[in-house]
Amino acid sequence: MDKQINIKETLDWYIWAGVVETCADEVCLNTSSENTHFSLSQPTTAHTPAPVIEKNHIPSAPVRANVSLAAFDNIAKNARELCSKASSLEELKDLVQKFDGCNLKKTAANTVFGDGSSQARVLLIGEAPGADEDRIGSPFVGKCGKLLDKMLAAININRADCYITNVLPWRPPGNRTPTDEEIAICLPFLKRQIELIKPDFLLLLGGIALKSLLDVPDSISRTRGKWLEYVIDEQKTAQVLATYHPSYLLRSPSQKAKVWSDLLRLQKKMNNDE
Ligand code: URA
């Protein structure tokens, strides 16, 4: 009986603290302040006060596993070699789903590969799947995705005509910032998607997409809205525009005007008006 009470109290406390998933070794906190399917009100059961966890606390990057640099290089090399074998997006998706070299896969529910038209003129790149994307298995289908759809519609771009992907195909636990190693291991998958699609334009959503793909010294706030280039291969160079990530806009709606002006620049260039 004692044991039952303890389990209930423990679960109540997890729910109160915002835990929404129990599939991983470490608990994942719900980092959004709204839209949780659990009530965040304190349970009525009297128990020892739990440690205070801030609602918006995001778990920090895990302590580095003791992986030698040589082993890490091998994993990244392996990913690059694998990718070069894929001659279509379907083949690449299959390879990514079978790839076990990234620790993020262990805690993710799904591999979230890119989605959209293989003939797209514009390829959008986000950071990593969130909770909804991880559950459903497609990029930008949650709150951020809804905002992204509206942003595209505002410049008369149909989402179905684009290709949308992320730097990482697996959700970092609790939406924490991906480590440099995780980015380096997964980058070949992103680069191969770009090579297979050969878009005219890349729209980079947020700082992680920007720093992963281009060697720019400045932050996203200084780089957004400026035309850059990404060399896809000897024949093709894409025009690149970076802007703020939709999740940042959800937190800071006052930045919407800047993104709006970035999107207008993209629209103009796509229509050869700039
Ligand atoms: N944020 C991202 O960067 N990508 C998604 O797919 C969803 C949210």
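The following refers to the structure shown. (Residues numbered from 1 in each chain as written. Predicted model: local features only at pLDDT ≥ 70, side-chain atom pairs only at ≥ 80, totals over all residues. Heavy atoms only, no water.)

**Concerning the site of the ligand**
Turning to step 1, where the next piece is worked out: Around the ligand, the neighbouring residues are Gly126, Glu127, Ala128, Gly130, Glu133, Pro139, Phe140, Asn166 and His245.
Turning to step 2, where the next piece is worked out: Between the ligand and the protein, one listed contact pairs a nitrogen atom with a backbone N or O atom of alanine 128 at 3.0 Å.
Turning to step 3, where the next piece is worked out: In the complex, 93% of the free accessible area of the ligand, which totals 240 Å², lies under the protein chains.
Turning to step 4, where the next piece is worked out: Of the residues contributing to the shell around the ligand, the split by class is 3 nonpolar, 4 polar and 2 charged. (Near = heavy atom within 4 Å. Polar contact = N/O pair within 3.5 Å; in protein donor to acceptor, adjacent residues only side chain to side chain. Areas by Shrake-Rupley, 256 points an atom, 1.4 Å probe, with all protein chains shown as cover. Nonpolar A, V, L, I, M, F, W, Y, C, P; charged D, E, K, R; others polar.)

**Brief notes about the pattern of salt bridges**
Turning to step 1, where the next piece is worked out: Evaluated as defined, the whole model comprises 12 salt bridges.
Turning to step 2, where the next piece is worked out: The partner of glutamate 81 in a salt bridge is lysine 77, with the nearest N and O atoms 3.6 Å apart. A residue pair is termed a helical-turn pair when its members lie 3 or 4 positions apart in one helix, as glutamate 81 and lysine 77 do in helix α2 (residues 69–85) at 4 residues.
Turning to step 3, where the next piece is worked out: For glutamate 81, a relative accessible area of 41% translates into the label partly exposed. (Salt bridge = Lys/Arg side-chain N within 4 Å of Asp/Glu carboxyl O. Helix = DSSP H or I, 4+ residues; strand = E, 2+ residues; numbered from the N terminus. Buried < 20%, exposed > 50% of the residue type's maximum accessible area, 1.4 Å probe, protein only.)

**Topic: the pairing of strand β4 (residues 122–126)**
Turning to step 1, where the next piece is worked out: Where burial is concerned, most of β4 is hidden: 5 out of the 5 residues are buried.
Turning to step 2, where the next piece is worked out: Residues Val122, Leu124 and Gly126 point to one face of β4 and Leu123 and Ile125 to the other, with burial holding for every one of them.
Turning to step 3, where the next piece is worked out: Judged from the 4 bridges that link them, β4 and strand β6 (residues 201–205) form a sheet pairing that is parallel. Within β6, the position partnered with leucine 124 by the bridge is leucine 203. (Pairing = 2+ DSSP bridges.)

Read these as spatial facts, not as claims about activity.
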